[in-house]
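Structural characterization, general
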Amino acid sequence: MKQVIWQTVSAKINDMNIRNKLILLFLVGVVIPIMVVGLFLTNELKANAVKDAEEQAEMNVERVKQRIDEVLKGPITVANHLQFDERLSDLVNTTYENRFDVLQAYRAYPDVDYHLENHPEIDTIRLYVDNPTLLNNWTVIPVDNQMNMNKWYEKAEADVGFHQWHYLQDETQDNKFYLSLMKRINFIEYNTFGLLIITIDPDQLQTIMQQETHQTVVVDEMHSIVSSSNLKLIGKSLETIIEIGSQFEEDSFFESKLNGEPVHLMATSLFPELSQNELRIVSMVNTNEIVGDAQRLSRFGMLVTGMGATFALFLIMWFSWGYVNRLFELSSTMNIVSKGNLNAKVDIKGNDELGQIADQFNQMIEQLSFSLAQVLEANEQKNLLERKQDEMKFKMMASQINPHFLFNTLESIRMRALIREEKEIATVVKQLGKLLRRSLEVESKLIPMDEELEIVCSYLDIQSFRYGNRFVYRIDRASSIGQQLVLPLTIQPLVENAVSHGLEKKGDSGIVTISVKWCEAGILIKVSDNGAGMHKSREEEVKKMINDPLERPENRIGLRNVHQRLKMHYQTDGLRIETRENEGTTISYLIPVVKGREEEVQHV
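Residues numbered from 1 in each chain as written. Predicted model: local features only at pLDDT ≥ 70, side-chain atom pairs only at ≥ 80, totals over all residues. Heavy atoms only, no water.

Attention now goes to the packing of helix α16 (residues 492-502) against helix α18 (residues 558-570). Put simply, α16 and α18 touch, their axes get as near as 9 Å, and they point 150° apart. The orientation of α16 with respect to α18, classified from their angle, is roughly antiparallel. The element α16 and its partner α18 pack so that their crossing is left-handed. Across the interface between the two elements, Pro493, Leu494 and Asn497 of α16 pack against Gly558, Leu559 and Val562 of α18. The residue makeup of the contact of α16 with α18, split by class, is 4 nonpolar, 2 polar and no charged. (Axes fitted to C-alpha atoms, helices over the stretch in contact; angles between N-to-C directions. Helix = DSSP H or I, 4+ residues; strand = E, 2+ residues; numbered from the N terminus. Parallel < 35°, antiparallel > 145°, perpendicular 65-115°, else oblique. Left-handed = near helix turned anticlockwise from the far one by under 90°. Contact = heavy atoms within 4.5 Å. Nonpolar A, V, L, I, M, F, W, Y, C, P; charged D, E, K, R; others polar.)

Shown next as C-alpha cells:
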C-alpha cells in the first residue's frame, strides 16, 4: 500500500514543471515552518516583554508610592499633633472682646509657624472654625467669613475624624489647587469642632515624579491628577486622557488607550495612615515600547528556521538533479563568460524553464557587453572630472592666506596706530593678534592654565574695547594653578557665552567673574555674569542640548563642544549651569587633580 502511494505521488511530482515543484517545496520546506516558528517565537517574546514591563512598572510604582507616602507622613504627624493640642483648642474656642485680644492670642501660639518651618513638604495650614469673634489670618479662618464652606462643614460634621485626601482650592494661594489633607478636629472640652486643611507643596511631589522615565500620575478618588511627570496633565481628569475600565479600581497591569495610542497601565492604591480615602498611582507605558523589543528579538527566530531553509534547498537540489546535464552546459558557458569572454553563447534546446533561462542568459550577455562599454566610457569621464577637481583643490590651497601674512599685517596696523598715538587701538590689535595666534597654534594636547587664562584675558580686553564702560571683568585664581595642565579653549567659550548672551542686552554695570580655585576634588572653574540669565524652560533646553550625544546642526555651539570634551577627557559630569532670570548665570566645571596643599588666592 505504501509503495503504491509513493509511486502515485512520485508520478504526480514528475509531471509538474520546475517552477511548480520549487514553489511547492519552498512552501512545504521553508515558508510554512518559518511562519509557524516565527509566530510562536513572536508570541512568546511579546508575552515575556509584557511580563518584564509589568515587573518594571510595578517596581517603579512601588518606589513612587513609598516616596509619596514619606512626603504625606509629615502632614499626618502635624494633623495628629494639632488634634490633641489644648492650647489650639483654647485659642479657637475663646470668645474675644476685641481685635487686640485676638492678635495677642495669635502671637502667643507659634506652633503653626514651627510646623511650617520643620516640614518643607507642607505649603499651608488652615483651620476653619465656627467662632465669629476670631480674625482671619489665613491660618485660623472663621467659617462665617467663607461663602463656600457649607458643603465642607456638612462633610466634616458627618466625619468621625479620619484623614481625607482631596485636590482642593486654596483661597490663600490665589485659589490654586493643591493635594490637601482634610481632617475634622474635635474640641471635646468645648463640644465643638474645626476643619483642618493641610496643603502639600507641589514641588515636593514633582521632584519625585520628574525622576520617573515613564509617564506617571497621582490621582485622588475623583480621578483628578494631583501630580504628574508631565506638568501639562496636572489638574486634568484622568478620564479625559485615558480609557478607565473596571480594572482601574484594582491593583493590576492592564491595557488601555492614551490619546488613541495603546498603552499598558500599572495602577496601585496608596492608603496613607488613618486615611478614609485613597490616592492612586498610575504608570503609563507605551505598548509599542514594550513589544518593539520583542518584535526585534523575534527576528532572531529566523536563525532557528535556517535549518528548515537548508532542508528546503536540499530538496530543491534533489528534484533538479534530473536536469543536471542541461544545467552543466549552462554552468560551463557561464564560467567562460566569467573569465571575460562575452562572445560565448548557451545552446540549450527546449521551451521549458531551462530553455527560457538560456535565451535570457544570451540576451544578458549582449546587454552586458553594451553596458560594459558604457561603464568604460563613464569611468574615463570620471577620471577626467577627478583630475579637474584635483587642479581646483590645488588652486584653492594656493590662494589661502598665509597665517604669517595675517599676523604681520596686524602688527603693521598696530605699529601704525602707535605712531599716530592711538594706543587703545594698538592695544586691541595686539590682543587680537595674540588671540588669533593662540587659536591657530592650539592643538589637542594639554596647555598650562596660565596660557588658557592669557587667551581669556585677550578676548576680554577686546570686548572691553567694544563695550567701553558697559562691563568689567575680574579673574580670581589660586597662585599655584598657573602651571597646571588643562584642556585648551575650555574657559574662553564660557566667557564668550557670558558676554554675548548674558551681557549683550544689559545697559551697563555688567560684571564677568572667572574663578579658578582649588577644591577637595581638584580645580573648580567658574564663569559668572550678572546679565539676563535664562528662563527655566530655556535652561532645561540648553542642558538637554549640551548632553545630546548626536551632532546636530542646531547643537553646534561652544557650550556643547566644551561639555562633551570635558566629559570625554576627564570622565566628569562636564558643565554645570546655574541661572536665574534677570539675575545672571554661573557655569562651572571640575578638573580632577590631586591637590598637594592649600594655596592663597591671587586676585588679578
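With that settled, the discussion passes to the sheet that holds strand β5 (residues 192-200). One key point about sheets: their strands pair by backbone hydrogen bonds, in either a parallel or an antiparallel sense. The strand order β2-β1-β5-β4-β3 describes an open sheet built from 5 strands, whose pairing is mixed. The open sheet has two edge strands with one neighbour each: β2 (140-142) and β3 (164-170). Shown here is a sheet whose adjacent strand axes are inclined to one another by a mean of 35°, direction ignored. As judged from the 7 bridges shared by β3 and strand β4 (residues 176-187), these two strands associate in the antiparallel manner. Of the residues in β4, the one forming a bridge with histidine 166 is serine 180. (Pairing = 2+ DSSP bridges.)

With 44 residues, the main nonpolar core has Ile68 and Val92 as its most contacted residues. When residues in this core are grouped by element, the largest group, 10 residues, is from helix α2 (residues 18-83). Each residue touching valine 92, except ones within four places of it in the same chain, is listed here: Leu127, Val129, Asn131, Leu134, Val140 and Phe187. (Core = buried A, V, L, I, M, F, W, Y, C linked by side-chain atoms within 4.5 Å. Buried < 20%, exposed > 50% of the residue type's maximum accessible area, 1.4 Å probe, protein only.)

Note on placement: asparagine 131 falls in the loop between β1 (122-129) and β2. Residues within four places of asparagine 131 in sequence aside, it is in contact with Val92, Asn93, Thr94 and Pro142.

Here we come to the layout of surface pockets. Reported here for the largest pocket is a volume of approximately 380 Å³. Lining the largest pocket are 18 residues, with Asn497, His501, Met534, Arg538 and Leu559 sitting closest to its centre. Among the secondary structure elements, those contributing two or more residues to the lining of the largest pocket are α16, α17 (536-546) and α18. Broken down by element, the residue count for the lining of the largest pocket peaks at 7 residues, all from α16. In terms of residue class, the lining of the largest pocket is made up of 8 nonpolar, 7 polar and 3 charged. (1 Å grid on protein atoms, 1.4 Å probe; cavity = no way out; pocket = protein on both sides within 12 Å on 5 of 7 lines; lining within 4 Å. Points joined across faces, edges and corners; volume = space filled by probe spheres on them.)

Two elements, strand β6 (residues 215-219) and strand β7 (residues 225-228), share 3 bridges in a ladder whose sense is antiparallel. Bridging across to β7, valine 219 finds its partner in isoleucine 225. The hairpin turn running from β6 into β7, its antiparallel successor, is 5 residues long, and histidine 223 in that turn takes a positive phi close to 65°.

Moving on, we come to the environment of glutamate 70. Along the polypeptide, glutamate 70 turns up in helix α2. Judged by relative accessible area, which is 48%, glutamate 70 ranks as partly exposed. Sequence-wise, glutamate 70 and glutamate 121 are 51 residues apart; in three dimensions their C-alpha atoms are separated by 9.8 Å.

This part covers the packing of aromatic side chains. Going through the model one piece at a time under the given rule, you end up with 1 aromatic pair. One Lys or Arg, arginine 184, reaches over the ring of phenylalanine 193 and ends 4.4 Å from the middle of that ring. (Phe/Tyr/Trp six-rings, centres within 6.5 Å; stacked < 30°, edge-to-face > 60°. Lys NZ or Arg CZ within 6 Å of the ring centre and 35° of its normal.)

Right, let's talk about the packing of helix α15 (residues 449-467) against α16 for a bit. Their axes nearest at 9 Å, the elements α15 and α16 cross at an angle of 20°. Compared by their axis directions, α15 and α16 come out roughly parallel. The two elements α15 and α16 meet at a crossing, and its hand is right-handed. Residues Glu452, Ile455, Val456, Tyr459, Leu460, Gln463 and Tyr467 of α15 form the contact with α16, whose own contacting residues are Gln492, Val495, Glu496, Val499 and Ser500. Classifying every residue of the contact of α15 with α16 gives 7 nonpolar, 3 polar and 2 charged.

This part is about α17. If you check which residues of α17 are buried, you get Glu539, Val542, Met545 and Ile546. Within α17, the buried residues cover an arc of 130° as seen down the axis, which keeps them to one side. Turned more than 90 degrees off the buried face of α17, the exposed positions are Lys536 and Lys544. At its buried positions, α17 is contacted by α18 and β16 (576-580). (Arc of directions from axis to C-beta.)

Attention shifts here to α16. By the criterion of burial, α16 is predominantly enclosed, with 8 of the 11 residues buried. On the buried face of α16, the contacting elements are α15, β14 (510-519), β15 (522-529), α18 and β17 (584-592).

Geometric descriptors of this kind do not, in isolation, establish any biological role.
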